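Residues per chain, in single letters:
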Amino acid sequence: MDMRDIVPDADPQETREWLEALESVLECEGPARANFLLEKLVDRARRSGAYIPYNANTAYMNTIPTSQEARSPGDAELEYKIRSLVRWNALAMVLRANKESSELGGHIASFASAATLYDIGFNHFFRGASPSFAGDLVYLQGHSAPGIYARAYLEGRITDDQLDHFRREVEGKGLPSYPHPWLMPEFWQFPTVSMGLGPLMAIYQARFMRYIKDRGIVQPQGRKVWAFMGDGEMDEPESLGAISLAGRERLDNLIFVVNCNLQRLDGPVRGNGKIIQEFEAHFRGAGWNVIKVIWGSYWDPLFMRDKSGILLKRMEECVDGDYQTFKSKDGAYVRKHFFGKYPELADLVATMSDDDIWRLNRGGHDPHKIYAAYAAAMKHAGEPTVILAKTIKGYGMGEAGEGQNITHQQKKMGTTSIKAFRDRFAIPIPDEKLEEIPFYRPPEDSPEMRYFRERTAAMGGSLPARRRTAAPLEVPALTAFEQQLKGTEGREISTTMAFVRILSTIIRDKTVGRFVVPIVPDESRTFGMEGMFRQLGIYSHVGQLYTPQDADQLMFYKEDKNGQILQEGINEPGAMSSWIAAATSYSTNGVSMIPFYIFYSMFGFQRVGDLAWAAGDMRARGFLMGGTAGRTTLNGEGLQHEDGHSHVLASTIPNCLSYDPTFAYELAVIIQDGLRRMYREQEDIFYYITVMNENYAHPAMPEGVEKGILKGMYLLSEGRATKNQPRVQLLGSGTILREVIAGAQLLEKDFGIAADIWSATSFNQLRRDGLETQRWNLLHPEQEPRLSHVEQCLKDRPGPVVAATDYMKIFAEQVRAFLPTRSYAVLGTDGFGRSDTRRQLRKFFEVDRHYVAVAALKALADADAVPRRKVAEAIGKYGIEADKPNPATV
Ligand SMILES: Cc1ncc(C[n+]2csc(CCOP(=O)(O)OP(=O)(O)O)c2C)c(N)n1
Ligand SMILES: [Mg+2]
């Protein structure tokens, strides 16, 4: 028999004696002593060899006993009225939008289930920002947005007109579907609608809050991070993936609220199980304080009267599928199918009417139970808290959706349902007006509005609210990077090493150094950054409790309470979430931080693309450094590691600027300008910069190239200026620029062709500039046409254009549209990577110097500038196999 099976009570007399003994300990000596004794008993049983299965669950009841519930000091009746109005306006905005056009969509059922959870938080727990307090941070469930707008409407922060333009943003006054700081930069803080990212980011936000406190950058304020999420959302690996970090780090500044309405979009979350119990086990195992809010106050008297435990037994045996069905029916159904299972249980409710039974509420709809849970969470020290609140999806929607599988998608309601909703929540709108579904805001001097204003003031201000700027930072001038500007004088180093030196310079800077946050997944040694462990320390809230193995070495593994580095382990989504917390610190903490997240470029956008998108939406400011980049530059690591497309992915994020520099001085110019734009000018942009591990000599910066570096292309060197000599324009980026330079030498030496060489630091930026120019020209047909940067560079430079990079051809392809009358050939690394030496890989992918030369000759031959046989001659001379398989497809 499985020990977890429920066994009948073989000796009730003995059971009673044990229970009485326990009760007396609880009464006389308290719960700590009771716990001690219970643990001792279990331990003794285990030591004697008895198999006692581990059970991470407690009974399917509220965690906080009725006798210990903190009581709300608020006016429950007024709060109910206000909450009802918020419910109404949230519903009305979705229904009105969909009357206007059924294209618009929106959600009613999710907020309907969560309204009380939010309301108690806003009224009593979420503290707004003031000069002395930076504000609590609240991650709201994305598709509950209508409810949040509805509250802001009552506050007067959002107008009727705005509510009426929910999901109609193009004219400029509308409201975004979901929380998007990009679209409402003074309102929304956290984009949460991509399920799973909210919980993950909230955990790292709480940890980052502690990091800046431990490092003395901000003073302790007792701020909290609250995160609301759906029970269906918890199936995302991101949602639960970092809960052990929160437990391990004892983040008691973090509170999760999981709205367990038992449903997701298509149907039940766990029809055959109990989602609350499942979560309880996960979170308890991960070291969280778990507060279950399952049953509302109307159940309390039943629990009191039930001496045999039959009620709990029935509650335990029902699965979520049953609970959902009960709430989609009525009181009579619940009497028959829930209570009716056992005559003794049916007796318990015999004197109650069907309406009374129907009124037996769930914990997540009971303001008293929620208040008690939140109050306990606020007080709890040493662990993060999760509140598991049981609710009904579509609460109040009645026949139009309550507890029904279709409810998530329901954006329309018939007049009968609207009327029922109005009556249920006593909304003062007369029958004849119901058709219009008008918004309702009580008069300013009504008791509701006075109370509402009072509560908001008591909480220190309104939420959500977002700060757009922080004090600007005085960033180092370009001259600070003199070492990179003057080149390496023949010494061969990688751009990764150049970057580490640039980073050290910034960290040493007296003004901005302490705001730098170096973030690494388990990869510092790969990038030659291990020297920073000792120099800066790896952040740990507890410091270092052990003597590191390499303590006798110069660069030992130093963990430190004041450590500056965030070493996230093998955890790119976590590292990215830390980066986001730091990159938005100007807004959330009022202090600009300068995060550099250095990662294996293949495990960047490809792995955490959705977080990078969220970072764009959040107006993150910081640097993402894609290390070991380039499909043929990272040689031995093969298919999974060789990145030939991260720049293509980076280009999809509108406010991400990406660069593929070759030389140390380019890197210095880009980073310095990034510091200036993000931290002095406070532009909401972030950078993706690739750095490589190939060693070569770096020249000194030519004069006057800074602007070109930043715009994406500048003239690196000119071909010989002899008259009538065929000429080509060669573009290259990253390490492949060096193949382009070598290719130019071959062309000159072997074929007498002059080549101008361009360093194309950013094809992505060139494309953006080109598109903007094209657009302007389209809309201003009678004005002097403008030239894109590519055209400006190349207009007086004759000959076909050839570009080569270590990325897919589409990367350099992007500028073709801006060279309409020019021949333009592109070399790139389409296809899966493989392991070999750099030389072999570049030959395989057809991006080496020989291919550069052949491509240039072919373009010249097509223009009748050289005879066609010259191309064949080059193919022969350079040993190119004409019929080799296509690297893009093998
Ligand atoms: C990554 C991602 N996948 C899918 C969706 C689409 N989606 C929006 S809400 C939803 C159901 C949410 O269910 P749950 O988390 O239980 O929240 P509830 O609405 O029940 O409160 C889905 C699938 C999404 N927003 N993000
Ligand atoms: Mg749900």
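Okay, so let's go over this structure. If you're wondering where the values come from, they're calculated on a predicted model, not measured in any experiment.

### Re the site of ligand 1
Stage number 1. Not every one of the 18 residues close to ligand 1 is listed here, only the nearest: S110, H143, D231, G232 and K393.
Stage number 2. Between ligand 1 and H143, the relevant distance is 2.7 Å, taken from an oxygen atom to a side-chain nitrogen or oxygen of the residue.
Stage number 3. Take M195: an N or O atom from its main chain is 3.1 Å from a nitrogen atom of ligand 1.
Stage number 4. Here ligand 1, which alone exposes 580 Å², has 75% of that area covered by the protein.
Stage number 5. Within the shell around ligand 1, the residues separate by chemical class into three nonpolar, 10 polar and five charged.

### Quick word on empty space enclosed by the protein
Stage number 1. This structure, assessed with the given rule, holds nine cavities of 30 Å³ or more.
Stage number 2. What the largest cavity holds in volume is close to 120 Å³.
Stage number 3. What lines the largest cavity is simply W295, W299, Y323, F326, K327, V334, F338, F339, I357, L360 and R362.
Stage number 4. In terms of residue count, helix α13 (residues 320-328) provides more of the lining of the largest cavity than any other element does, three residues in total.
Stage number 5. When the residues that make up the lining of the largest cavity are grouped by side-chain class, the tally is nine nonpolar, no polar and two charged.

### Notes on the coordination of the magnesium ion (ligand 2)
Stage number 1. Those protein atoms acting as donors to the magnesium ion (ligand 2) are D231 (OD), N261 (OD1) and Q263 (O), and they sit at 2.0 to 2.1 Å.
Stage number 2. Sequence spacing among the residues donating to the magnesium ion (ligand 2) works out to D-x29-N-x1-Q. Of this pair, D231 sits in the loop between β2 (225-230) and α8 (237-241) while N261 sits in the loop between β3 (254-260) and α10 (275-285), and the two are 30 residues apart along the sequence. With respect to class, D231 is no different from N261; both count as buried.

### A word on unusual backbone geometry
Stage number 1. Look at the link from L463 to P464: it is a cis peptide, with omega at -5 degrees.
Stage number 2. Topologically, P464 is positioned in the loop between α20 (447-458) and α21 (482-485).
Stage number 3. One non-glycine residue, R167, lies in the positive phi region at around 65 degrees.
Stage number 4. Secondary-structure assignment places R167 in the loop between α6 (160-163) and α7 (197-214).
Stage number 5. Although it is not a glycine, D864 adopts a positive phi angle of roughly 60 degrees.
Stage number 6. Within the secondary structure, D864 is located in the loop between α35 (849-862) and α36 (869-877).
Stage number 7. Here D864 falls in the exposed class, since its relative accessible area comes to 71%.

### Considering the sheet that holds strand β19 (residues 801-804)
Stage number 1. Spatially, the five strands line up as an open sheet ordered β16-β18-β17-β19-β20, and their pairing is mixed. In this open sheet, the two strands that pair with only one neighbour each are β16 (714-717) and β20 (824-827). On average, each strand axis in the sheet is tilted by 30 degrees relative to the strand beside it, whichever way the strands run.
Stage number 2. The strands touched by α35 within the sheet are β17 (727-732), β19 and β20, with β17 carrying the most contacts at an inclination of about 140 degrees.

### Looking at the state of the cysteines
Stage number 1. All chains considered together, the criterion is met by zero disulfides.
Stage number 2. Free cysteine C260: the closest other cysteine sulfur is in C318, separated by 17 Å.

Conventions and cut-offs
Residues numbered from 1 in each chain as written. Chains lettered and ligands numbered in written order. Predicted model: local features only at pLDDT ≥ 70, side-chain atom pairs only at ≥ 80, totals over all residues. Heavy atoms only, no water. Near = heavy atom within 4 Å. Polar contact = N/O pair within 3.5 Å; in protein donor to acceptor, adjacent residues only side chain to side chain. Areas by Shrake-Rupley, 256 points an atom, 1.4 Å probe, with all protein chains shown as cover. Nonpolar A, V, L, I, M, F, W, Y, C, P; charged D, E, K, R; others polar. 1 Å grid on protein atoms, 1.4 Å probe; cavity = no way out; pocket = protein on both sides within 12 Å on 5 of 7 lines; lining within 4 Å. Points joined across faces, edges and corners; volume = space filled by probe spheres on them. Helix = DSSP H or I, 4+ residues; strand = E, 2+ residues; numbered from the N terminus. Donors = N, O, S within 2.8 Å, 3.2 Å for Na, K, Ca; no water. Buried < 20%, exposed > 50% of the residue type's maximum accessible area, 1.4 Å probe, protein only. Pairing = 2+ DSSP bridges. Axes fitted to C-alpha atoms, helices over the stretch in contact; angles between N-to-C directions. Contact = heavy atoms within 4.5 Å. Disulfide = S-S within 2.5 Å.

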